[in-house]
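# Report on the structure
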Amino acid sequence: MREQISHGLEFMDDVKIGEILLPGDEETQDRREKQVRAKFWPKLKRVAASIPFSRDLVAAYYCAMDPRTPTRVRGILFAALAYFILPLDFLPDVFAVVGFTDDMAVIAAALRMIQGHIADRHYDAADKALAQDPDARTNPT
């Protein structure tokens, strides 16, 4: 399994995570925001138990949806969150933990790029959402 994770991360290096995380123009950001709003919670509900970075992922979601977050930061987060919800990615998510290594790499890179913009209020909202009944958190905003 360690070898598969290593291979997945090497592949991600070749793809250049930075290209995935380009904020994009206003139209791209709007498209990604719509995708994230529609698909984030259903995907998280299906996979939350399998991923060790759920809290950071949900905090990133709330930061991206926060109108106080700068546009460039929102664009980077929407790119990372859109990658997470894509049905097809470099390592299929059906491979339990290994399938999320590429998602984890993209989210980690995004969090490094926007350090300091995810505030305590975003983590508080994430904690509250993760503590809720999964069926009740279809799209809290």
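Residues numbered from 1 in each chain as written. Predicted model: local features only at pLDDT ≥ 70, side-chain atom pairs only at ≥ 80, totals over all residues. Heavy atoms only, no water.

### Re the packing of helix α4 (residues 54-65) against helix α7 (residues 120-131)
- For the pair α4 and α7, the least separation of the axes is 8 Å and the interaxial angle reads 120°. Regarding the angle of α4 to α7, the classification is oblique. Note on packing geometry: the crossing formed by α4 with α7 is right-handed. Contact residues: Ser54, Arg55, Asp56, Val58, Ala59, Tyr62 and Cys63 in α4; His122, Tyr123, Ala125, Ala126, Asp127, Ala129 and Leu130 in α7.
- Residue classes in the contact of α4 with α7 are distributed as nine nonpolar, two polar and three charged. (Axes fitted to C-alpha atoms, helices over the stretch in contact; angles between N-to-C directions. Helix = DSSP H or I, 4+ residues; strand = E, 2+ residues; numbered from the N terminus. Parallel < 35°, antiparallel > 145°, perpendicular 65-115°, else oblique. Left-handed = near helix turned anticlockwise from the far one by under 90°. Contact = heavy atoms within 4.5 Å. Nonpolar A, V, L, I, M, F, W, Y, C, P; charged D, E, K, R; others polar.)

### Focus on the confidence of the model for the chain
- Averaged over all residues, the pLDDT of the chain is 78; the fraction at 70 or higher stands at 72%.
- Of the regions scoring below 50 in pLDDT, residues 1-9 engages in seven contacts with residues more than four places distant in sequence or in other chains.
- Below pLDDT 50 for its whole length, residues 89-97 participates in 22 contacts with residues either more than four positions away or in separate chains. (pLDDT = per-residue confidence, 0-100.)

### Concerning the packing of helix α3 (residues 26-47) against α4
- Contact geometry of α3 with α4 gives a least axis separation of 12 Å together with a crossing angle of 155°. Put simply, α3 runs roughly antiparallel to α4. In the packing of α3 onto α4, the handedness of the crossing is left-handed. For the pair α3 and α4, the contacting residues are Glu33, Val36, Arg37, Phe40, Trp41 and Leu44 in the first and Ser54, Leu57, Val58, Tyr61, Tyr62 and Met65 in the second.

### Brief notes about the packing of aromatic side chains
- Applying the stated criterion across every chain yields a total of six aromatic pairs.
- Plain terms: the ring middles of Phe40 and Tyr61 are 4.5 Å apart, the flat faces sit at 15° to each other, and that makes the pair stacked. Taken together, the residues Phe40 in helix α3 and Tyr61 in helix α4 connect sequence positions 21 residues apart.
- Accessibility expressed as a relative area gives 0% for Phe40, which makes it buried.
- Both rings, one in Trp41 and one in Tyr61, keep their centres 5.3 Å apart while their planes meet at 75°; by these two values the pair is edge-to-face. Here the residue Trp41 occupies a position in helix α3, and Tyr61 occupies one in helix α4, the gap between them amounting to 20 residues. Like Trp41, the residue Tyr61 is buried in the burial classification.
- Through a chain of ring-to-ring contacts, three or more aromatic side chains come together here, namely Phe40, Trp41, Tyr61, Tyr62 and Phe84.
- Its guanidinium or amino end placed over the ring of Phe84, Lys43 lies 5.0 Å from that ring's centre, counting from NZ or CZ. (Phe/Tyr/Trp six-rings, centres within 6.5 Å; stacked < 30°, edge-to-face > 60°. Buried < 20%, exposed > 50% of the residue type's maximum accessible area, 1.4 Å probe, protein only. Lys NZ or Arg CZ within 6 Å of the ring centre and 35° of its normal.)

### A look at the pattern of salt bridges
- Enumeration according to the criterion identifies five salt bridges in this entry.
- Asp127 is paired through a salt bridge with Arg55; the nearest N and O atoms lie 2.6 Å apart. Of this pair, Asp127 sits in helix α7 while Arg55 sits in helix α4, placing them 72 residues apart in sequence.
- Classification of Asp127 by relative accessible area gives partly exposed; the value is 33%.
- With a shortest N-O distance of 3.0 Å, Arg121 and Asp66 are connected by a salt bridge. (Salt bridge = Lys/Arg side-chain N within 4 Å of Asp/Glu carboxyl O.)

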